[in-house]
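Descriptive structure summary
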Amino acid sequence: MINLIEAVNQALAYELQHDETVIVFGEDVGLNGGVFRATDTLQARFGEKRVFDTPLAESMIAGLAIGMASQGLRPVAEFQFMGFMYPGLNQIISHAARFRNRTRGRITCPLVYRAPMGGGIRAPEHHCESTEALFAHIPGLQVVIPSSPARAYGLLLAAIRNPDPVIFLEPSRIYRLYREEVADDGQALELGKCFQLKSGHDISLISFGASITETLQAANQLHEEGISCEVIDVASIKPLDFATIAHSITKTGRCVIIHEAAKTCGMAAEIMAQIMENCFAMLKAPVQRVTGYDTVMPYFQLEKFYIPSVTRIKSAVYYTMEIK
Amino acid sequence: MTIFYLPDLGEGLPEAEINEWFIKEGDTVKKDQPLVAMETAKAVVDVPAPQDGTITKLYGQVGAIIKTGKPLVEFNHASSSIVGQLEEHPDIALQHINLTNRQPELPKATFTVKKLALEYNVNLNDIVGSGQFGVITANDVLSHAKKTDCSRETLIGVRRQMMKTMQLSHQEIVPVSIFDEADINHWQKPYDITVRLIQAICYACKQEPGLNAWFKHEEKQIFNHVNLGLAVDSNEGLFVPVIKNANHLDALRLRQAINSSKQGVLERSLPPENFKDATIILSNFGRFAGKFANPIIVPPMVAIIAVGRVFDAVVAYQGEIAVHTKVPISLTFDHRPLTGGEATRFLKALIEHLEQ
Amino acid sequence: MIIKTQFQIPFYQYLNQDGELSSSAPELKDTDIIKYFRIMTLTNIFDKKAIALQRTGKMGTYAPINGQEAVGAAIGMTLDKDDVFVPYYRDYAALYQRKVRLADILTFWGGDETSMTYSFQAHDFPFCVPIASQCLHAAGIAQALKYKKTSNIALCTIGDGGTSEGDFYEALNVAGAWNLPIVFVILNNKWAISVPLEQQTHCETLAQKAIAAGFQGVQVDGNDVFALHHVLQEAISKARDNLGPTLIEAITYRLSDHTTADDASRYQPKNQTEEAKKFTPLERLKTYLLQENILTNNDINQITNDCTQEIEEQVNLYLGRKLPTIEQAFDFHFATLPDYLIEQRAEALEEFYRAND
């Protein structure tokens, strides 16, 4: 039984073993094994040429990956926290996302940028970011957020094997939260597919990342109260598997979307827009969102009031179910 | 592995003796759980676990002296990282249901083609697109429209609303219908039958206001004004624009209101306000065929008048056989708040007004 | 107190401003010198032609190279074909020698991505507009070349203004820390749009920024092909021999607007530009070639005519090119078209082909 961080480690090790073009680098990922131990033991197993530390410079990390990818390597670059990806945004947005397009396929960027994301680990400020919507908005990027060890393993394999850039965001709050059996068989999951975690017929709860935890808890409690919830893990924020969401809405007619990221222009807004475009007639009630507030994530004394709680989720469900 | 070093147990004490272990190697502990009792020069102090984890090594037996700052206990899995604390708490089932039957992708078409599909009543889900990447083309829609001997249409918009209203009416209202005819042979041509009908209805509402009312939550709300809902048929469905305060409008203004309602429906230019707050409905359904009907009352209203096809009939008039022009009137009322007496008196007043 | 370290920055010049070659100049074959002259002539004529195309509405904004032709020429002459060149956006002389068609360069400024397909030299990088970001790509490339145990190197160019950017420093730092097989070339034309070098930095030389990254920086007269050739050759073989990176600062002068959308007369002092016009690399080399009887005036005219004709052909290629179609915006987005783009692509095609009917 392994947890999510170990699943990440397992996937990295598998690819390093089976694909000699895979390179892993970032700050403190070598001897130290990463501040969350994501790359633990990898340098010892695969050597300093394949797993190494970089100087402290995030734009550099992003740019190096691009240069390496252009030469036929598959870099998996780590940013220590999502909040420190920002200096690298120029490289990611202006280059990684565009090289294939602007050279008409001559130069491509088969790379993965990994970073821990989200709050709830009592970390200092800037270590709790959930700005996946920024990346989802950029044409040329793919964005993946796993919610379980098994999905982290399968999706990271898929991300590394993908011929185009993937932003792989790991919710740090659930790094060690659960353990499950994850066979180290190198089987990748598909990018661009949602996962149904629970089947139900009264309402569809759509979420991703660490919020899956509270969503499942809410769903279980609501089940006891006679409300049957279907729970969908989006997993691939971009490309979004809307067909699965649409199928769920057709079944239930009601929907609440949950994410830790701030409300305005968050992923729930995009999903709602697509529900509006495609499932309008199926809806029995307007879609609701339970999200982080449009404020800065508070320091850890208050962070649990920011993160969508089971109470808030149930509240939204009760309201949605009330609409006739 | 993380080593927990003996902290200063008070005012710079240099060392302490292990008095009693509360845990052993292999135990899993939670943060703040007491690990060991240490005896100092001054007292016996319990030392709590600094974090969650599993104990992998104890650095001494009972009686051993440990210097302050030296190893005391070793933990497996630093569950704190360089920043923050990660919780361990197996709780939720996370496995996904393996969807071997992935949902088919949604049909893909440009707005132009989607509109065409609506016009031709073609369901895009029934078509396999022949365009690049499976996009549905205009040709796909047109050839499908020709082929199918039935068309399928999910009710949306106005038709869907009608469906819901009818269902609701059927669920709640207890309808009774009364049928009669008005003799309009004496009307001078040209006549504006709709205006006369509305005027007659307004007169009848004055005589029996109980039918110009709303009934909901067991409460009757009788109105002084008549907001006349005029049923108007169109390609997109049934619309009921409302002529507000019809009882205060003269014939000319009534005709104007009728015209602008019909035009507005045709052009879909009427704002939502124009469809609200009807107190009674007139349905002039007889344009094509039909004499009598029991039309559906729209809650929370309690009555609806339906007028069928104007016809010539053989009548007994002053003891002689004659051919007169007549108009068939149907009144459906909700028998929950209204009696048959109220309804028939209403109908009598209506017909009298028409026949004057 | 002890001095921990000191540094020295050498400056190289062999062919002076009057076209006189120093006796200590390294050997350069006549054929190579003539090649230099031809390439710079071609670049100079191309440059004028490109500006004319922009001014007549046949091309978009363009970044001129007038007076700075030598650096690109020298890069093209010294870099191996299997090395990876990472340009910024004024490197026409180098790109031309690395088999990028002049027509493609015009197509880039003409607003079409097809230009960057580089029909012949698949591994060079395309133009780079976000300033200095190409330096990190070059570092990543160098790291990959080293990892793959090739004997190739990466060379990137950057302007004087670009050396103020964070990415430049980060690239130098990692190049030094990892001993990368890389050469950085600064085209110091003294102007970053309207900001003169004196306002850009307090450093006496840009070359010394390498010292902060732990490797050698050298200054060279950027209008002297002999010095450029020498310095580049040394830096390139040093990198190839795994002896580490070099930062080359080539000093020249921008005898043009920053781009055709700029008006340099608003800020470049007239006396300065007039002085600089006398010492362009082309003028200097021409003087030398004539003085040494390596070329006659007739030869020079012949070369000029040949170049003009070659450019005409490329311009015609450009003007007669097939314009891009909207599918290309979608079909090269990812390796396979993602589902969410299928409908959008259809919408775009519908409008594009209706408009083009």
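Residues numbered from 1 in each chain as written. Chains lettered and ligands numbered in written order. Predicted model: local features only at pLDDT ≥ 70, side-chain atom pairs only at ≥ 80, totals over all residues.

A word on the overall build of chain B
Helix and strand content of chain B: 6 helices and 19 strands. Expressed as a percentage of contacts within chain B between residues at least 6 apart in sequence, the contacts between residues at least 24 apart total 60%. (Helix = DSSP H or I, 4+ residues; strand = E, 2+ residues; numbered from the N terminus. Contact = placed C-beta atoms within 7 Å.)

Description of the overall build of chain C
The number of helices and strands found in chain C is 14 helices and 8 strands. The C-alpha radius of gyration of chain C comes to 21 Å, within 12% of the 21 Å expected for a compact globule of 357 residues. Expressed as lengths along the three principal axes of its C-alpha atoms, the size of chain C is roughly 70 × 55 × 40 Å. Classification of the 357 residues of chain C by burial places 48% in the buried group. Within chain C, residue pairs in contact and separated by at least 24 positions form 75% of the contacts whose partners lie at least 6 positions apart. (Rg over C-alpha atoms; globule rule 2.2 N^0.38 Å. Buried ≥ 20, exposed ≤ 12 C-beta atoms within 10 Å, placed from the backbone.)

Thoughts on the domain arrangement of chain B
How big an interface is tends to be stated in terms of accessible area lost as the parts join. Annotation of chain B at the domain level lists domain 1 (2-76), domain 2 (111-147) and domain 3 (158-355). For domain 1 of chain B and domain 3 of chain B, the distance between their C-alpha centroids amounts to 90 Å. (Domains from an automatic or database assignment.)

Quick notes on helix H1 (residues 30-55) of chain C
Look at H1(C): 38 Å from first C-alpha to last across 26 residues, which is about the 38 Å you get at 1.5 Å a residue. The first or second residue beyond H1(C) is C:Gly57, which carries a positive phi of 75°. (Expected span 1.5 Å × (residues − 1).)

So, the packing of helix H9 (residues 242-252) of chain A against helix H10 (residues 267-279) of chain A
Residues and elements named next belong to chain A. Packing of H9 against H10 brings their axes to within 11 Å, and their N-to-C directions diverge by 65°. Here H9 runs over H10; the crossing is right-handed. Across the interface between the two elements, Phe 242, Ile 245, Ala 246, Ile 249 and Thr 250 from H9 touch Ile 271, Gln 274, Ile 275, Asn 278 and Cys 279 from H10. Its residues assigned to classes, the contact of H9 with H10 comprises 7 nonpolar, 3 polar and no charged. (Axes fitted to C-alpha atoms, helices over the stretch in contact; angles between N-to-C directions. Left-handed = near helix turned anticlockwise from the far one by under 90°. Nonpolar A, V, L, I, M, F, W, Y, C, P; charged D, E, K, R; others polar.)

Focus on the interface of chain A and chain C
In this assembly, 33 residues from chain A lie in contact with 34 residues from chain C. Taken together, the elements giving at least two residues each to the side of chain A that touches chain C come down to helix H3 (58-70), helix H4 (89-96) and helix H5 (99-102) of chain A. Per-element accounting of the side of chain A that touches chain C gives the leading share, 9 residues, to H3(A). A per-class count over the side of chain A that touches chain C returns 12 nonpolar, 15 polar and 6 charged.

Re the domain arrangement of chain C
When the domains of chain C are assigned, the result is domain 1 (11-324) and domain 2 (326-357). The distance between the C-alpha centroids of domain 1 of chain C and domain 2 of chain C comes to 37 Å.

Brief notes about the packing of helix H1 (residues 4-18) of chain A against helix H7 (residues 149-161) of chain A
All names here are of chain A. One can describe the packing of H1 onto H7 by two numbers: an axis separation of 8 Å at closest approach and a directional angle of 30°. For the element pair H1 / H7, the angle class is roughly parallel. With respect to the hand of their crossing, H1 and H7 are arranged in right-handed fashion. Between H1 and H7, the residues in contact are Leu 4, Glu 6, Ala 7, Val 8, Gln 10, Ala 11, Tyr 14 and Glu 15 and Pro 149, Ala 150, Ala 152, Tyr 153, Leu 156, Leu 157 and Ile 160, respectively. By residue class, the composition of the contact of H1 with H7 is 12 nonpolar, 1 polar and 2 charged. (Parallel < 35°, antiparallel > 145°, perpendicular 65-115°, else oblique.)

Describing the confidence of the model for chain B
Mean pLDDT over chain B: 88, with 92% of residues reaching 70 or higher. Within chain B, no element has a lower average pLDDT than strand S1 (residues 2-5) of chain B, which sits at 81, and none a higher one than strand S17 (residues 303-307) of chain B, at 97. (pLDDT = per-residue confidence, 0-100.)

Observations regarding helix H4 (residues 193-207) of chain B
Residue and element names in this part refer to chain B. End to end, H4 covers 21 Å across 15 residues, agreeing with the expected 21 Å (1.5 Å per residue, within 8%). Within H4, burial applies to Leu 197, Ile 198, Gln 199, Ala 200, Ile 201, Cys 202, Ala 204 and Cys 205. Contact partners of the buried residues in H4: strand S12 (228-230), helix H5 (251-267), strand S16 (280-284), S17 and helix H6 (340-355).

Quick word on the nonpolar core
One finds A:Tyr113, C:Ala139, C:Ala154, C:Ile182, C:Phe184 and C:Ile248 to be the most contacted residues of the largest nonpolar core, which totals 217 residues. Apart from residues no more than four positions distant in its own chain, C:Ala139 is found in contact with A:Gly63, A:Leu64, A:Gly67, C:Ala171, C:Val174, C:Ala175, C:Leu180 and C:Ile182. Counting 49 residues, the second-largest nonpolar core is a separate cluster that includes B:Ile198, B:Met301, B:Ile305 and B:Val307. (Core = buried A, V, L, I, M, F, W, Y, C linked by C-beta atoms within 7 Å.)

A word on the pairing of strand S6 (residues 53-58) of chain B
Residue and element names in this part refer to chain B. Bridge count for strand S3 (residues 28-29) against S6 is 2 bridges, and the pairing is antiparallel. Each residue of the ladder has a partner; that of Val 29, found in S6, is Gly 53. Here 4 bridges tie S6 to strand S8 (residues 71-76), and the two strands are oriented antiparallel to one another. Counterpart to Ile 55 in the pairing with S8 is Phe 75. (Pairing = 2+ DSSP bridges.)

A closer look at the sheet that holds S6(B)
One open sheet accounts for 4 strands, arranged S1-S8-S6-S3 (chain B); its pairing is antiparallel. Pairing within the sheet leaves two strands with one partner each, and these edge strands are S1 and S3 of chain B.

Observations regarding the pairing of strand S11 (residues 255-262) of chain A
Residue and element names in this part refer to chain A. The element S11 is extensively covered by neighbouring structure, given that 7 of its 8 residues are classed as buried. Bridge analysis of S11 against strand S12 (residues 288-292) gives 5 bridges, and the strand direction is parallel. The residue bridging Val 256 from the neighbouring strand is Gln 288, located in S12. The handedness of the S11 to S12 crossover, carried by H10, is right-handed. (Right-handed = clockwise from strand over helix to strand, strands pointing away.)

Re unusual backbone geometry
Between A:Lys238 and A:Pro239 the backbone carries a cis peptide bond, its omega angle lying at 5°. Looking at the element boundaries, A:Pro239 is found in the loop between strand S10 (236-238) and H9. The linkage connecting B:Lys189 with the following residue, B:Pro190, adopts the cis geometry, with an omega of -5°. Among the secondary structure elements, B:Pro190 is positioned in the loop between strand S9 (175-183) and H4. The backbone of C:Lys99 sits at a positive phi, close to 75°, despite the residue not being glycine.

Things to note about the sheet that holds S11(A)
Residue and element names in this part refer to chain A. One open sheet accounts for 5 strands, arranged S7-S9-S8-S11-S12; its pairing is mixed. This sheet does not close on itself; its edge strands, each paired only once, are strand S7 (195-198) and S12. Averaged over neighbouring strand pairs, the angle between their axes works out to 25° when direction is ignored. Both strand S8 (residues 203-207) and S11 contribute to a ladder of 4 bridges, which runs parallel. Paired with Ser 204 across the bridge in S11 is Cys 255. Its contacts with the sheet place H10 against S8, S11 and S12, and it is angled at close to 155° to S11. The sheet strands contacting helix H11 (residues 310-322) are S8, S11 and S12, and the helix crosses S12 at an angle near 165°.

Regarding the environment of B:Val73
Residues and elements named next belong to chain B. Checked against the element boundaries, Val 73 lands in strand S8. For Val 73, a count of 26 C-beta atoms within 10 Å corresponds to the buried category. For Val 73 and His 225, which are 152 residues apart along the polypeptide, the C-alpha to C-alpha distance reads 87 Å.

Brief notes about the environment of C:Tyr267
With respect to the element layout, C:Tyr267 can be found in the loop between strand S8 (246-251) and helix H10 (270-277). The spacing of C:Tyr267 and C:Ala154 is 113 residues in sequence and 35 Å in space, taken between C-alpha atoms.

What to know about the confidence of the model for chain C
Model confidence for chain C is summarised by a mean pLDDT of 94, while 99% of its residues fall at 70 or above. Among the scores for the predicted complex, ipTM is 0.86 and pTM is 0.72.

Things to note about the environment of A:Arg102
Looking at the secondary structure, you find A:Arg102 in helix H5. Ignoring anything within four residues of it in the chain, the contact list for A:Arg102 reads C:Glu113, C:Met116 and C:Pro126.

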